[in-house]
Amino acid sequence: MDKWIRAKYHPNLPLKEDGTRVTASQEHIDISKNAAKEGMVLIKNKNNTLPLCRGQKVALFGKASIDYVKGGGGSGDVTVPYVRNLAEGFAKLEGQVSMFKDSVEFYDDYVKGQYKAGKMPGLIAEPEIPDELLNKAKAFTDTAIVSFSRYSGEGWDRKADNDDGRKHKDVQQDLVDATDELYEKGDFYLSKAEEAVVEKVTKAFAHTIIVLNIGGMFDVSWIKDNKDIDSALIAWQGGIEGGLATAELLCGLGNPSGKLSDTFARDLSDYPGTENFHDSDDYVEYTEDVYVGYRYFETIEGASKKVIYPFGYGLSYTEFSLGRIKVNADDDKVTVKVNVTNTGKYPGKEVVQVYVSAPDGKLGKPAKELVGFKKTSELLPGQTEKVIIEFPTSEMASYDDLGKVKKSAYVLEKGKYKFFIGTDVRSAKKAETDYYVSEDMVVCQLSEKMAPVSLKKRLLSDGSYEELPQGDASKFNENALEEMDPEVFLHMTPRVRPVGHKVCFVPSTKPQLIDVVDGRMTLKEFIAVLSDEDLAWLVGGQPNVGVANTFGYGNNEEYGIPNIMTADGPAGLRIQPQVGVKTTAFPCATLLACTWDPAVTELVGIAGGEEVKENNIGVWLTPAMNIHRSPLCGRNFEYYSEDPYLTGKMAAGMIRGIQSNNIAATAKHFALNNKETNRKNSDSRASERAIREIYLKAFEIVVKESSPWSIMTSYNIINGRRASENEDMIEGILRGEWGFDGMITTDWWTYGENYKECKAGNDMKMGCGFPDRILEALEKNAITREELEKAAANILKLIMRID
């Protein structure tokens, strides 16, 4: 097929040459199901209650047995041909278990009635179990499976302990109210109705198994503390076949190998990022600094006792041993070799995790930081696999933002660097070999970027706080034009250029973009012939065509620039329901992170990318890579982990898979978009060290390892400056320090000014641009033709990469 045929004509053609359609194909559905099984985490299994024996009788309780949540809401939602719930999953495994039909019918009737009454899936109250039903179930079996689910989405956050009667700026208040109505203390905790279910079931049955259909961190203390609960599986939000994937694992058709990508603590208040989360809609103070997730719980005195299940934790039906551990550390690289042996009775996989403990020094360091990991292949009982993990010594460096060692530099402070190897952060054992640095060493000298202007203090490794110097934010608010009312952005859609400016259905004699592709002219020569008005239109989003609903890039027929459509992700290709195209829903990003296997995300990326391409879309707006700073972020299901290294590695796999289809991946939301409330106008206040080590690190990894063709900046403000207008972040760090050579787009309808964003290096304004404002800014010398040409070059290079 010739270049851009799909973009130009949107043919209804299958992707495969043999005429096979890939969208929602059985092959892709199987990829989704298998990925889900790889990331589900077994957190408890007393007396080997799981896996269930073939033919075992079970009774299902909890409305989530029917009301299955495949993923979160908003841009991460997917229109699917079906969703298989847990009850349907067991039913499909004919002969594996015998289900108590009455409880299934009770919950099925209840959930259907709630749907008919207008309740949203996932936002339905837990019904009381009738005593008669419970007694009949008890006579049928001694084993109960209780399922609870949670639903969250874009544009709203979860409830904090001290946030009763909450009303916040720029949120989906109806969903906030619906959630608060169900969960008295917030959906991090069980509701009273759910507590009643647990109490009733555990008293009635000898064996109770818990299944959690959730998208992020959740209170699991009641699972660990309750001796009457035998087993628990965090099944996450597993996509289109999540119910079947869960049933297969419970039946032993596969072995859980997922590991937690977050720390599970007892209370919301135990997470340092939660304390001030809802203090203001206008800002968030990241006072915990680099001590996010396990970096906090493993470092700060007294915090470790708050942990229920640690980062990296996950059980298996079999047992593993790690032996013959060898660490070789030289000036440039550290190599860890481990023999992993399956010492149990079932085939299974294990994840080897390597952590470094740096000397506390002058900067202060987390007690442990993840620097490497690898998942084994499936090992048969008695089988051994040698795992080799390598990482550069520079990975152990810390950023000095205040000049305690060397200002604006990554440094290795003098002292002993210790290595811990294991299968979670808490149980990892110290290796015999250490790495010594005799004198403070500068690994990489940089310059100050994105320094705080309002954050007054930050946490140190000893639990105390230090004061931070304050910069000047006034320079960020200079505006050469009269400011636009932000309300304007709420109702905008891309405009079609006046017909007089286009040549429709008439062959053009002007240069065509294909001339650049074929080498007949350079891109610089091509851009030089575009008028100022052409450039002003090019740097903004274009109207939808075909099945798209998130608008396009390009769209200038006169010069042969196609209109390349975009589509939302990240859990699958998102097409509006009214279009009639059903696609595959893949597991949520949190589950994918819990696979600890970039090969899994790469395979998901390949499959999802194929569906995007088959539907004539050229840019997939995924992966979403923000850090799980707090359980309260309503969009955590879209993001991978509390750890930037794990996030970066998993997202890099996704990007490689997507772009193998010659379509663009778009890493998002760059950066510090860790709160949905008032997300377009909230200031994320963080130290430069935390920004670099925690919140930008994953993006740095994907830029250097998988070269995304596009990156999306976030809505929020960062230290007084809008992310979309942040020249330090975009030109200084992303392009200047990391060498990013792709296109940068805003998120859709930011409150940033089109010309200021473009001037800062943000090439594309989505979902639409403001060409009149660009031309006015050009006339007043607020932006230059050269700056517009640079943005145009990046946009056109992206378009030329797409087939």
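Remember, it's a predicted structure, so these values are computed and weren't measured experimentally.

The rules behind each value
Residues numbered from 1 in each chain as written. Predicted model: local features only at pLDDT ≥ 70, side-chain atom pairs only at ≥ 80, totals over all residues. Heavy atoms only, no water. Pairing = 2+ DSSP bridges. Helix = DSSP H or I, 4+ residues; strand = E, 2+ residues; numbered from the N terminus. Axes fitted to C-alpha atoms, helices over the stretch in contact; angles between N-to-C directions. Core = buried A, V, L, I, M, F, W, Y, C linked by side-chain atoms within 4.5 Å. Buried < 20%, exposed > 50% of the residue type's maximum accessible area, 1.4 Å probe, protein only. pLDDT = per-residue confidence, 0-100. Contact = heavy atoms within 4.5 Å. Patch = residues over 30% accessible without salt bridge, like charges linked within 9 Å, V, L, I, M, F, W, Y side chains within 5 Å. Areas by Shrake-Rupley, 256 points an atom, 1.4 Å probe, with all protein chains shown as cover. Salt bridge = Lys/Arg side-chain N within 4 Å of Asp/Glu carboxyl O. Lys, Arg positive; Asp, Glu negative; His and termini not counted. Charge placed at Lys NZ, Arg CZ, Asp CG, Glu CD.

A. Here's a closer look at the sheet that holds strand 11 (residues 333–342). Spatial ordering of the open sheet is given by 10-11-14, a layout of three strands whose pairing is antiparallel. At either end of the open sheet lies a strand with only one pairing partner, and these are strand 10 (320–329) and strand 14 (384–392). Going from strand to strand, the sheet's axes swing by 15 degrees on average, the running direction of each strand aside. Sheet topology places strand 11 next to strand 14; nine bridges connect them, and they run antiparallel. Paired with Thr341 across the two strands is Thr384, which belongs to strand 14.

B. Structural context of the nonpolar core. If you look at the biggest cluster of nonpolar residues, it comprises 156 residues, and the most contacted ones within it are Phe61, Phe90, Ile145, Leu212, Trp222, Ile223 and Trp236. Looking at which element gives the most residues to this core, the answer is helix 16 (residues 644–659), with eight residues. In this structure, Ile561, Trp748, Trp749 and Met764 belong to the second largest nonpolar core, which totals 50 residues.

C. Up close: unusual backbone geometry. Residue Pro51 is reached from Leu50 by a cis peptide bond, and omega for that bond is 5 degrees. With respect to the secondary-structure elements, Pro51 resides in the loop between strand 1 (41–45) and strand 2 (56–61). Lys668 connects to His669 through a cis peptide bond whose omega is -5 degrees. Note that His669 resides in strand 25 (residues 664–670).

D. A look at the pairing of strand 23 (residues 561–568). Extensive coverage of strand 23 is indicated by the burial of eight of its eight residues. When strand 22 (residues 552–556) meets strand 23, the two strands line up antiparallel, connected through four bridges. Note on strand 23: the bridge partner recorded for Gly554 is Asn563. Linking strand 22 to strand 23, which pair antiparallel, is a turn of four residues; within it Gly560 sits at a positive phi near 70 degrees.

E. Main features of the confidence of the model for the chain. When the pLDDT values of the chain are averaged, the result is 95; 96% of them are 70 or greater. Within the chain, the lowest mean pLDDT, 86, falls on helix 6 (residues 173–182), and the highest, 99, falls on strand 6 (residues 231–234). Note that pLDDT drops below 50 for residues 499–505; the model gives that stretch 11 contacts with residues more than four away or on any other chain.

F. Region of the structure containing helix 9 (residues 242–250). In terms of burial, helix 9 is largely enclosed, as nine of its nine residues are buried. Every buried residue of helix 9 is listed here: Gly242, Gly243, Leu244, Ala245, Thr246, Ala247, Glu248, Leu249 and Leu250. If you follow the buried residues of helix 9, they end up packed against helix 2 (26–39), helix 3 (86–92), strand 4 (143–149), strand 5 (207–213) and strand 6. Following helix 9 by one or two positions, Gly252 has its phi on the positive side, about 85 degrees.

G. Representation of a positive patch on the surface in the model. A grouping of Arg324, Lys326, Lys337 and Lys386 is seen on the molecular surface, where their side chains present a positively charged patch. Tracing the sequence through the fold places Lys386 in strand 14.

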